[in-house]
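Structural description and commentary
Listed below are the residues making up each chain.
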Amino acid sequence: MSLADLTLDQWRSFDLPAARRVAQEAAELVGGRMTAVETVEHLGAPLHRVQVERGAQEFALIPGGAVALGFDLDSWRPTPEQTADYAESLEQGFGFGPDLRSHLAQMLSPRRSVTLATVLMAVEGENLSESPADMPAVLAARGLRMPSSDEWEHACGAGATTLFRWGDECPLDRIPHGDSSGPQNQLNAFGLRIAYDTYNTELTSDVTSVHGGDGGESVCGGYGRMLSWLPLATANRNPYLVEFVYGPDGADLCEDFTTRPVLTL
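Notes on the structure follow. The structure displayed is predicted, hence computed values, not measured ones.

With respect to the nonpolar core
In terms of nonpolar packing, the biggest core is built from 65 residues, with W11, I62, L104, L163, F164, L192 and L230 touching the most fellow members. Tallying contributions element by element places helix α2 (residues 16-29) first for this core, with five residues.

Brief notes about α2
For α2, with 14 residues, the first-to-last C-alpha span of 20 Å sits near the 20 Å given by 1.5 Å per residue. Buried residues of α2: A18, A19, V22, A23, A26 and A27, and no others. Its buried side turned inward, α2 meets α1 (8-13), β1 (33-42), β2 (45-54), β3 (57-62) and β6 (119-122). Taking the backbone nitrogen of A18 as reference, a side-chain oxygen 2.9 Å away marks D15 as the first, capping residue of α2. The first or second residue beyond α2 is G31, which carries a positive phi of 70°.

Quick word on the pattern of salt bridges
In this structure the tally under the stated criterion is 13 salt bridges. Across the pair R174 and D173 runs a salt bridge whose closest N-O atoms are separated by 2.8 Å. Residue R174 is classed as partly exposed on the basis of its relative accessible area, which comes to 26%. Judged by relative accessible area, D173 falls into the exposed class, the value being 55%. Salt bridges here are not isolated pairs; linked through shared partners, they connect R112, D150, E153, D206 and R237.

Observations concerning unusual backbone geometry
Although it is not a glycine, A158 sits at a positive phi angle of roughly 55°. You can see A158 is positioned in the loop between α6 (149-157) and β8 (201-203).

Comments concerning the sheet that holds β8
Pairing in this open sheet of three strands is mixed, and the strands run β7-β9-β8 from one edge to the other. The open sheet has two free edges, formed respectively by β7 (126-127) and β8, since each of these has just one partner strand. Across three bridges, the pairing between β8 and strand β9 (residues 257-259) is parallel. Looking at β9, one finds that T201 is bridged to F257.

Comments concerning the pairing of β6
Every second residue of β6 is oriented toward a common face, with V119 and M121 on one face and L120 and A122 on the other, all of them buried. As paired elements, β3 and β6 share four bridges and run antiparallel to each other. Pairing of A60 across the sheet is with M121, part of β6. In the sheet, β6 pairs with strand β10 (residues 262-264) via three bridges, with the strands oriented antiparallel. Considered in β10, the bridge of V119 is made with T264.

Describing the pairing of β1
One face of the sheet, then the other: side chains in a regular strand alternate in exactly this way. When β1 meets β2, the two strands line up antiparallel, connected through nine bridges. Each residue of the ladder has a partner; that of H42, found in β2, is A45. Between the end of β1 and the start of β2, which pair antiparallel, lie two residues, with L43 showing a positive phi angle near 55°.

About the cut-offs
- The residue count restarts for each chain, going from 1 along the sequence in the order it is written.
- Only residues with pLDDT of at least 70 are given local features in this predicted model, and only at 80 or more are side-chain atom pairs given and counted; all residues enter the totals for whole chains, interfaces and linings.
- Based on all heavy atoms of the structure, the side-chain values leave hydrogens and waters out of the count.
- Put simply, a nonpolar core is a bunch of buried Ala, Val, Leu, Ile, Met, Phe, Trp, Tyr and Cys residues held in one set by side-chain atoms that sit within 4.5 Å of each other.
- Partly exposed describes any residue whose relative accessible area lies between the buried limit of under 20% and the exposed limit of over 50%, with all areas from a 1.4 Å probe on protein chains only and scaled to the type maximum.
- Segments assigned H or I by DSSP are reported as helices when at least four residues long, segments assigned E as strands when at least two residues long, and all are numbered from the N terminus.
- Take the residue count of a helix, subtract one, and multiply by 1.5 Å to get its expected span.
- Residues count as neighbours in contact if any of their non-hydrogen atoms are within 4.5 Å of one another.
- Any pair of nitrogen or oxygen atoms within 3.5 Å is treated as a polar contact; in protein, a donor-acceptor pairing is required on top of that, and neighbouring residues in sequence qualify only through side-chain atoms on both sides.
- Here, a salt bridge means any Lys or Arg side-chain nitrogen found within 4 Å of an Asp or Glu carboxyl oxygen.
- By this definition, two strands are paired if DSSP reports at least two bridges between them.

Just geometry here; none of it tells us what the structure is for.
Structure representation (structure tokens):
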């Protein structure tokens, strides 16, 4: 079996020695060096984290296969605190829709099933050095590529079906920026530092979505706490920010955006 065909379910079935063998094989395939294999608890079961260093950059193994992405609004119920916080935002003139559910329907990707290849993805995003249109060529010169939106979303959520990668709730007593103790600061299940700062807007090969942040707009604009956290939601794609990023106003701001390079196996 090719490593690219490795599924998340298969990966979860491996013991630690088997995971180390796969990690070593992945490192050799890309001309890198395996630097870490550890086991964490995720969704009630063990999950192995792998890090591979290549060209002074750290990558994590992201097992693929048939995976469920997007957010299921039909089965989700907001907490009373979330509902009340959104109502306060509406009173201030913020939000898209009469309630939190209708707002999320416009901002999040829908529930769906996709099949993805296993890849190595950068643990940290990197700032764009050229325009989004030119970045594929810049990365290709280093043997890398931009992730797809589906790959980004899967890498962030790691199989979790919750609103955020850590669960359905967020700390409503504070905003995410400047919060050193919140869940967004923890590495995710695959070992990525992802969806952690609303100022950090990540781009993929899909020009109809952005991920991981909104450039700090929701934090600076007085949107309210729930809306300040939502840019970190796993399925957030923010079509309104997309218009800015890929429109004339965002043309000279490429260095303010990041992308998360991928190594194909």
